[in-house]
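Residue strings, one per chain:
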Amino acid sequence: MTEQLEAGTVTQQVKENGALGAPGGEVGKARRRKEDARLVTGRTQWTDNIQLPGLLHVAFLRSPMAHARITRVDTSPARTRPGVVAVFSGQDFAGEQGSLPCAWPVTPDTVIPDHPPMAVSEVRYVGEAVACVIATDRYKAADALEAIEIDYEPLEPVLDMNEALAEGSPKVHETGNESFTWKFAGGDIEAAFREAPVVIDRTYVQQRLIPSAMEPRAVVAQTDGDSFTLHTSTQIPHVLRVMLALTTGIPEHKLRVIAPDVGGGFGSKLQVTAEEVLCLLITRRLGKPVKWTEARSEGNLTVHHGRDQIQHIRVAADADGRVRGVQVKLLADMGAYLMLVTPGVPILGAFMYNGIYKMDAYDFTCTGVFTTKMPTDAYRGAGRPEATFAIERVMDELAAEIGVDPMEIRRRNWIRHHEFPYTTICGLTYDSGNYEAATDRALALFGYDKLRAEQSDRREREDPVQLGIGISTYTEMCGLAPSRVLGSLSYAAGGWEHADVRVLPTGKVEVVTGTSPHGQGHETAWSQIVADSLGVPFEDVAVLHGDTASSHKGMDTYGSRSLAVGGIAVVHACDKVKEKARQVAAHLMEASPDDVEFSEGRFRVRGTGTSQTIQEIALATFAAHNLPDGFEPRLDASATFDPESFSFPHGTHLCAVEVDTETGATAIRSYVAVDDVGNVVNPLIVEGQVHGGIAQGIAQALFEEAVYDSDGNLLTTTMADYLLPSAADLPSFTTDRTETPATTNPLGVKGVGEAGTIASTPAVVNAIVDALRPHGVHDVRMPCTPERVWRTLRSVEGESA
Amino acid sequence: MARISVEVDGIAYEDEVEPRLLLVHYLRDRLGKTGTPIGCDTTNCGACTVLLDGRSVKSCSVLAVQVDGCDITTIEGVSSDGVWHPVQKAFHEEHALQCGYCTPGMVLASIDLLKDDPDPSEEAVRQGLEGNLCRCTGYCNIVRAVRRAAQEMRVTTP
Amino acid sequence: MIPASFDYFRPSTLDEALEVFAGAGEEAKVLAGGQSLLPLLRLRLAYPTAMVDVGRVAELRGVADRGDHVHIGATTTHDEVVRSPIVREHCPLVALATATVADPAVRHRGTFGGSLAHADPAGDLPAVALALDMVFVVRSSTGDRTIPAADFFLDYLESALQPGEILTGVRVPKLGPGWGFHYEKFHRTAQAWATVGVAAAVRQTNGTVEEVRVGLTNMGPTPVRAAGVEAAARGVEAGRNGSLRQAAEQAAEGTDPPADLHAQPDYRKHLARVLTHRALVSASAHRSPQT
């Protein structure tokens, strides 16, 4: 293959010229973010910053039991504590709290248990809210919690999915421990496996993760007696407003939801939480503003968890490694209840177990299982990292089985670039891609051949530190999502996105977006798109978001959807504005609209020197003295965009890991990622998303796991126990891109929020297994802690001895 | 209650505080210095890092009474006369923040780091920031930013 | 999370501190840097009724060369210890291990004495104290007493300090010429506590190991002195390919390592052996400049 290129220079290759617009255009430029000014100076608006006259503080008492009946509650000792305004238990809310919503019953017979925001008679996981104190400050609220008396009658915890499904298991809910079984198939799977020369059969465990956004959740609820305002650290102010209205009975038009500055989400703030509902109910009851701010140790217990699946994957292949079929049987831990999209998460992965590969048949079954643990729900990638992990791990196993290089096995099976658009065995049409190009680039940057040579040298020398190389050639479906597809998958809502663009009298532009950024830089990227489209300076664009009073319509931010759906809505709204402006311009310049052309912010009458800027048109429209007959004096427009298809970023990630066979310690030596996310609006932001995504994926591979003990207590309640990587634990990443535009949207963009996380986990584990394969190792369970690596080595050595 | 006097970002304060009041809550709830956020309970995340008499500390693990007579610098006091500190500027230039929640702590920890090591290697930056967690950036750009700031500070302060 | 209420005293002299501490009740705690204590208070895992803040007691702070030993005041911060030229010159192992404690911000507040008095076998300093035969200097209203490190750590988070006693400082004996040092810390992430740590000091002459001191972190309810290794290493050839490996095989002898989230006992025992070998090799390769 190719020699190693100079790494590090590549990452600096940020374009100074626009890729889509005219030279010098904004799109494609590495614009520094508008958001940064307030964030680097501390002039932020986190929800917990909010102070209001008479603000009361809420603290929740949480169940210490994984599964128990509540037999006695006495809140009275807490009521007399200093500063205490009120104390409530579940019984106090029983008549009005409703049930936390699940918007994704994946099958018609999905069991959706009642999910009271505050437990009334039974608790089903440690951390479930059982009572609350409302006091004049947070210290007093915390003190009074300790005075509440609650007696529990213990019930059996249900902790293991296989045991939960076994006959005679204790039940999480009276209906049993199975929520649903969802099936999907394409092609003839029996034929694929019949007399297949090679069959690989593996079981992988996707450990339970805690998303760990840096900002803990916080809620401020207030009412003027008629309407309600809820500030909350959420990714989904719009969805939340609808759901809260349905849950609490507060009419939707009397409820305003605001997501101020939000400190990260990664899916964990894509939720309708108990605390949001309860704070609304409390403010309604007391008539006072209330604030609740989560402690990290409270959040580890009660922010929904991610992953937690057991994946049984079988691959049938020809002798040369061509994949004939893939069969997947999945157990997905729902936790104790179904939350907003809990059952949908594994189903989002169902269409991705084929990866980038061609095959004749596919068969997928997923059973959702209740346990007495915190519910799971969306966490960065949501279903797709799990699927990608399984197929990318098993492709390595297939390569080992037939004795070819793991990259070669991928080349033999992947969709070639001239085969796009390609309809996969799952029925998805991948519109564009070039796996060869991204892979070649990655191999060159990585120095693949040189590392392989070092690997065999270390093997020969029996060096206690072995080297492994891991490959992940991933794709993902993102840009969630076409409404019709979501409907066919039984999701309760659509996947469109909305934008308003209004040109103000002075020619400045306000964009209202239905996306709800919490670190993604939409204020910057949307400004770039609008600047190019309307020909106005980047600085002249303001982006409003996250407040249902100003941004009335939206589907919010998750699933790598904001640019590929919300960004396109902005483009369409700009087009409508330009069309209106053209009418005015033609009228003012006494020309036919057909003769007026627009570029770089100026309307010109074709063939003449006459022109007017969009700013001049804006002022003229505002004055409205001289407009075309019947023309409404406004230069604004709305657009709601519903994509017809998902988008399919892809890429090749390569990871070299050194494994210390004496201690089991692993160290990432180098990491190369070449991603193809289509056209790029801001390469700086894209690179940042990739970096952060890779880090989170590596963290799953090496560090993170939510651990429950045999009584159902979470052991990883703090950051001292749930290990997040610091700068000292991660290497620098070499990143680059290929750009194969999406053909399904006018920007040619695909989405980048989840790509790094989806790709990196299997790359790391493949590298570790690759290092140890000569020892007889063919899997290490995640996270691949030094102890697990050591035990794996010991067990295979024991077998061979 | 205990009486404390403390200078925060150049302003002198005198207050009666409960002994158990954490410095970070004093800053946020009493002084309205909400630039300093809280990310954990166990001194792990470093989001609440401030400078106490010029050295980085985690303000969630210091009592307000313990800083009686001390000088505190928060993220809100890092700029001078509206001009950003080179570390703030470098974080912006290198895209070293996304959600920005860890940024105040990262900036102050970086300022502290550069006091000891005006020309840190990548490794030194990574080790020096081990007490500050970021969930968004994967740290690459943070490392770049700190080294960029170091360079600028070496140029401007001979 | 928020601590429960407590009374707070801030004496300015040691005598005053002793008086206040004696009268503050059984549940009173001495507060130094608070870097171990405050997280426990915030999680409401500790409920002291009173805190005696010794942070302003000048006589408790600082490093002094006392001829045959170095005195490190109890409230000297980790950061001050690491920077101290006296510590670096005469007890480099202390500097090496202290530099691995937590992170820079915590080292600015956390204190040398506080860390030792906390008696956490997973902390990095207790094993060093054992290996170097430090002597704990303790004062109460009845006067001073000294406690050898070997007698100081009684059980998990339990030291030999009696009610009313305050740790004033620690004497670190100077070992003299010919010694090399290393602290080998094995942890899952930079922030994580040591899964196992090995504090090693090796004295050698012409490539032969004359004397070895080994303290183990997180190998039992208290730090552990690896006496078996020390005996076995005497007289062997220094360096990676010497017999230090055999000596290190004794490292897990008599240990009772904990089972927790990060490791099981058998793995910790294995690590102790491997890491002790590495620590001995590194220590014998990094002889102090005074040789």
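Rules and cut-offs
- Every chain is numbered independently, its residues counted from 1 as its sequence is written.
- All chains are assigned letters beginning at A, and all ligands numbers beginning at 1, according to the order in which they are written.
- Note on the predicted model: pLDDT of at least 70 is required for a residue's local features to be given, and 80 or more for side-chain atom pairs to be given and counted; whole-chain, interface and lining totals, by contrast, use all residues.
- No hydrogens and no water enter the side-chain calculation; it runs on all heavy atoms of the structure.
- The way it works is that DSSP assigns letters per residue, a run of H or I at least four long becomes a helix, a run of E at least two long becomes a strand, and they are numbered from the N terminus.
- In this description the radius of gyration comes from C-alpha coordinates, and the expected globular size is given by 2.2 Å times residues to the power 0.38.
- Exposure categories follow from relative accessible area, calculated using a 1.4 Å probe and restricted to protein chains: below 20% of the type maximum is buried, above 50% is exposed, and the middle band is partly exposed.
- What sets the accessible areas is the Shrake-Rupley method with a 1.4 Å probe; for residues, cover comes only from the shown protein chains.
- Only heavy atoms matter for contacts: two residues are in contact if any of them lie within 4.5 Å across the pair.
- As used here, buried area is the combined drop in accessible area, with a 1.4 Å probe, of two parts when they are placed together.
- When a carboxyl oxygen of Asp or Glu is within 4 Å of a side-chain nitrogen of Lys or Arg, the pair counts as a salt bridge.
- Identification of polar contacts relies on pairs of N or O atoms within 3.5 Å, with a donor-acceptor requirement for protein atoms, meaning one able to donate a hydrogen and the other able to accept it, and with residues adjacent in sequence counted only if both atoms are side-chain atoms.
- Classes in brief: Ala, Val, Leu, Ile, Met, Phe, Trp, Tyr, Cys and Pro nonpolar; Asp, Glu, Lys and Arg charged; the others, Gly included, polar.
- Each domain's extent is set by a domain assignment, obtained either automatically or from a database.
- Here the aromatic set is Phe, Tyr and Trp, taking the six-membered ring for Trp, and pairing holds for ring centres within 6.5 Å; pairs whose planes are under 30 degrees apart are stacked, those over 60 apart are edge-to-face, and all others are tilted.
- Note on criteria: charge over ring means Lys NZ or Arg CZ within 6 Å of the ring centre, with the direction from the centre no more than 35 degrees off the ring normal.
- Only C-alpha atoms enter the line fits that serve as axes; for helices the fit covers just the stretch in contact. Angles between N-to-C directions range over 0 to 180 degrees.
- Angle categories are assigned with fixed cut-offs, so that under 35 degrees is roughly parallel, over 145 is roughly antiparallel, 65 to 115 is roughly perpendicular, and the rest are oblique.
- Pairs of strands are assigned from DSSP output, requiring at least two bridges between the strands.
- A clockwise turn of the near helix away from the far one marks a right-handed crossing, whereas an anticlockwise turn of less than a right angle marks a left-handed crossing.

Under an unreviewed UniProt entry, chain B has the name Carbon-monoxide dehydrogenase small subunit and belongs to Planotetraspora mira.

Asker: Quick question: what am I supposed to make of the overall build of chain A here?
Answerer: In terms of helices and strands, chain A carries 21 helices and 28 strands. Relative to a compact globule of 801 residues, whose C-alpha radius of gyration would be 28 Å, chain A shows 28 Å and is just as compact. For chain A, the C-alpha atoms occupy an extent of roughly 95 × 75 × 50 Å along the three principal directions. By the burial criterion, 67% of the 801 residues in chain A qualify as buried. As displayed, chain A has an accessible area near 25700 Å², and 49% of this comes from carbon and sulfur atoms.

Asker: Is there a simple way to explain the overall build of chain B in this structure?
Answerer: What chain B contains, in helices and strands, is 5 helices and 5 strands. The helix and strand sequence of chain B, counted from the amino end, reads β-β-α-β-β-β-α-α-α-α. Taken over the C-alpha trace, chain B has a radius of gyration of 15 Å; the compact-globule value for 158 residues is 15 Å, and the two agree within 12%. Reported as C-alpha extents along the three principal axes, the dimensions of chain B are approximately 45 × 35 × 25 Å. When the 158 residues of chain B are sorted by exposure, 70% land in the buried category. Excluding contacts between residues fewer than 6 apart, the proportion of contacts in chain B whose partners are at least 24 apart in sequence is 57%.

Asker: Can you walk me through the interface of chain B and chain C in this structure?
Answerer: Contact with chain B, which involves 32 residues of that partner, is made by 31 residues of chain C. Around 2600 Å² of area is buried between chain B and chain C when both sides are counted, 52% of it from carbon and sulfur atoms. The largest share of the area that chain B buries against chain C comes from Arg20, Gln66 and Glu130 of chain B, three residues that together contribute 26% of it. Our enumeration of links across chain B and chain C arrives at 4 salt bridges. A salt bridge links Arg10 of chain C to Asp68 of chain B; the shortest N-O distance between them is 2.7 Å. The interface formed by chain B and chain C holds 17 residue pairs in polar contact (both at pLDDT 80 or more) in total. A per-element tally of the side of chain B that touches chain C places strand E4 (residues 55–58) of chain B first, with 4 residues. By residue class, the composition of the side of chain B that touches chain C is 13 nonpolar, 10 polar and 9 charged.

Asker: When you look at the interface of chain A and chain B in this model, what are you seeing that I'm missing?
Answerer: Chain A puts 57 residues into the contact, and the matching count from chain B is 46 residues. Both faces combined, the contact of chain A with chain B buries some 4400 Å², and carbon together with sulfur accounts for 53% of it. In terms of surface lost to chain B, no three residues of chain A exceed Val40, Tyr139 and Met214 of chain A, which account for 18% of the buried area on that side. Put simply, chain A and chain B have 6 salt bridges between them. The shortest N-O distance in the salt bridge between Arg135 of chain B and Glu704 of chain A comes to 2.6 Å. Linking chain A with chain B are 28 residue pairs in polar contact (both at pLDDT 80 or more), by the criterion used here. Of all the secondary structure elements, the ones that give two or more residues to the side of chain A that touches chain B are helix H1 (36–41), helix H4 (138–145), helix H9 (296–302) and helix H19 (683–702) of chain A.

Asker: I keep staring at the domain arrangement of chain B and nothing clicks. Help me out?
Answerer: Often, the extent of an interface is quoted as the loss of accessible area on bringing the components together. Residues and elements named next belong to chain B. Along its sequence, chain B is organised into domain 1 (2–77) and domain 2 (86–156). Each of domain 1 and domain 2 has a C-alpha centre, and these two points are 22 Å apart. Each partner contributes to the interface: domain 1 provides 18 residues, whereas domain 2 provides 14 residues. Interface area, domain 1 with domain 2, both sides summed: about 1300 Å², of which 55% is carbon and sulfur. In this assembly, domain 1 and domain 2 are joined by 2 salt bridges. Asp112 serves as the salt-bridge partner of Arg55, at 2.8 Å between the closest nitrogen and oxygen.

Asker: How should I be thinking about unusual backbone geometry in this particular structure?
Answerer: Residues other than glycine predominantly adopt negative phi, and peptide bonds predominantly adopt the trans conformation. Cis rather than trans, the peptide bond between Phe420 of chain A and Pro421 of chain A has omega equal to -10 degrees. Mapping Pro421 of chain A onto the fold places it in the loop between helix H12 (406–413) and strand E16 (422–423). Here the residue pair Leu480 of chain A and Ala481 of chain A is connected by a cis peptide bond, since its omega of -5 degrees sits within 30 degrees of zero. Along the polypeptide, Ala481 of chain A turns up in the loop between strand E18 (465–475) and helix H15 (483–488). In this structure, Ala119 of chain C takes a positive phi of about 55 degrees despite not being glycine.

Asker: Looking at this structure, how should I read the packing of aromatic side chains?
Answerer: Here a ring pair, both rings aromatic, is described through the centre-centre distance and the interplanar angle of the planes. Inspection of the entire model under this criterion finds 24 aromatic pairs over all chains. Note on Trp414 of chain A and Tyr435 of chain A: the rings are 6.4 Å apart at their centroids and 65 degrees apart in plane angle, and the pair reads as edge-to-face. One end of the pair, Trp414 of chain A, is in the loop between H12 and E16; the other, Tyr435 of chain A, is in helix H13 (residues 435–446), and 21 residues separate them in sequence. Tyr435 of chain A matches Trp414 of chain A in its accessibility class, with the two residues each being buried. Considering the side-chain rings of Phe136 of chain C and Phe153 of chain C, the 5.8 Å spacing of their centres and the 90 degrees angle between planes classify their relative orientation as edge-to-face. Here Phe136 of chain C is found in strand E6 (residues 135–140), whereas its partner Phe153 of chain C is found in strand E8 (residues 153–155), with 17 residues between them in sequence. We note that Phe136 of chain C, like Phe153 of chain C, is buried. One aromatic cluster in this structure is built from Trp182, Phe184, Phe351, Tyr353, Tyr362 and Phe364 of chain A. The ring of Phe193 of chain A has Arg314 of chain A lying over it, and the distance from NZ or CZ to the ring centre is 4.2 Å.

Asker: I keep staring at the side chain of His78 of chain C and nothing clicks. Help me out?
Answerer: All names here are of chain C. Looking at the secondary structure, you find His78 in helix H3 (residues 78–83). Judged by relative accessible area, His78 falls into the buried class, the value being 3%. Here the side chain of His78 touches Thr111 through a polar contact of 3.5 Å, landing on its backbone oxygen. Apart from the residues lying within four places of it in its own chain, the contact partners of His78 are Thr98, Val101, Arg107, Gly110, Thr111, Phe112, Ser115 and Leu125.

Asker: Before we go on, may I ask you to explain the domain arrangement of chain A in this structure?
Answerer: Residues and elements named next belong to chain A. Each assigned domain of chain A is listed here: domain 1 (10–14 + 304–480 + 645–800), domain 2 (47–155 + 217–293) and domain 3 (496–641). Using only C-alpha atoms to locate each centre, domain 1 and domain 3 end up separated by 40 Å. Across the boundary between the two partners, domain 1 contributes 19 residues, which contact 17 residues of domain 3. Per-residue buried area on domain 1 facing domain 3 is highest for Leu480, Val681 and Leu747; these three make up 38% of the total on that side. Here the side of domain 1 that touches domain 3 is built from residues that sort into 8 nonpolar, 7 polar and 4 charged.

Asker: When you look at the packing of helix H11 (residues 384–402) of chain A against H12 of chain A in this model, what are you seeing that I'm missing?
Answerer: Geometrically, a packed helix pair is captured by the angle between its two axes and the distance between the axes. All names here are of chain A. Packing of H11 against H12 brings their axes to within 8 Å, and their N-to-C directions diverge by 105 degrees. Between H11 and H12, the interaxial angle falls into the category roughly perpendicular. From H11, Glu392, Met395, Asp396, Leu398, Ala399 and Ile402 reach across to H12, where they touch Pro406, Ile409, Arg410, Arg412 and Asn413. Looking at the contact of H11 with H12, its residues break down into 6 nonpolar, 1 polar and 4 charged.

Asker: It is not clear to me how the sheet that holds strand E3 (residues 50–53) of chain C should be interpreted in this structure. Could you clarify?
Answerer: Hydrogen bonding along the main chain pairs the strands of a sheet, whether they run parallel or antiparallel. Residue and element names in this part refer to chain C. Taken in spatial order, the 3 strands make up an open sheet running E1-E3-E2, and their pairing is parallel. Edge positions in the sheet fall to strand E1 (7–9) and strand E2 (28–31), since each of these pairs with one other strand and no more. Direction aside, the axes of adjacent strands within the sheet are offset by 20 degrees on average. Relative to E3, E1 runs parallel, the two being bridged by 3 bridges. What sits directly across from Tyr8, in E3, is Met51.

Asker: I would appreciate a short explanation of the packing of helix H3 (residues 103–116) of chain B against helix H5 (residues 140–156) of chain B in the present structure.
Answerer: Residues and elements named next belong to chain B. Packing of H3 against H5 brings their axes to within 11 Å, and their N-to-C directions diverge by 45 degrees. Considering the angle they form, H3 stands oblique to H5. When you trace H3 past H5, the crossing you get is right-handed. Together, Met106, Ser110, Leu113 and Leu114 of H3 and Ile142, Val146, Ala149, Ala150 and Met153 of H5 make up the contact between the two elements. For the contact of H3 with H5, a count of residues per class yields 8 nonpolar, 1 polar and no charged.

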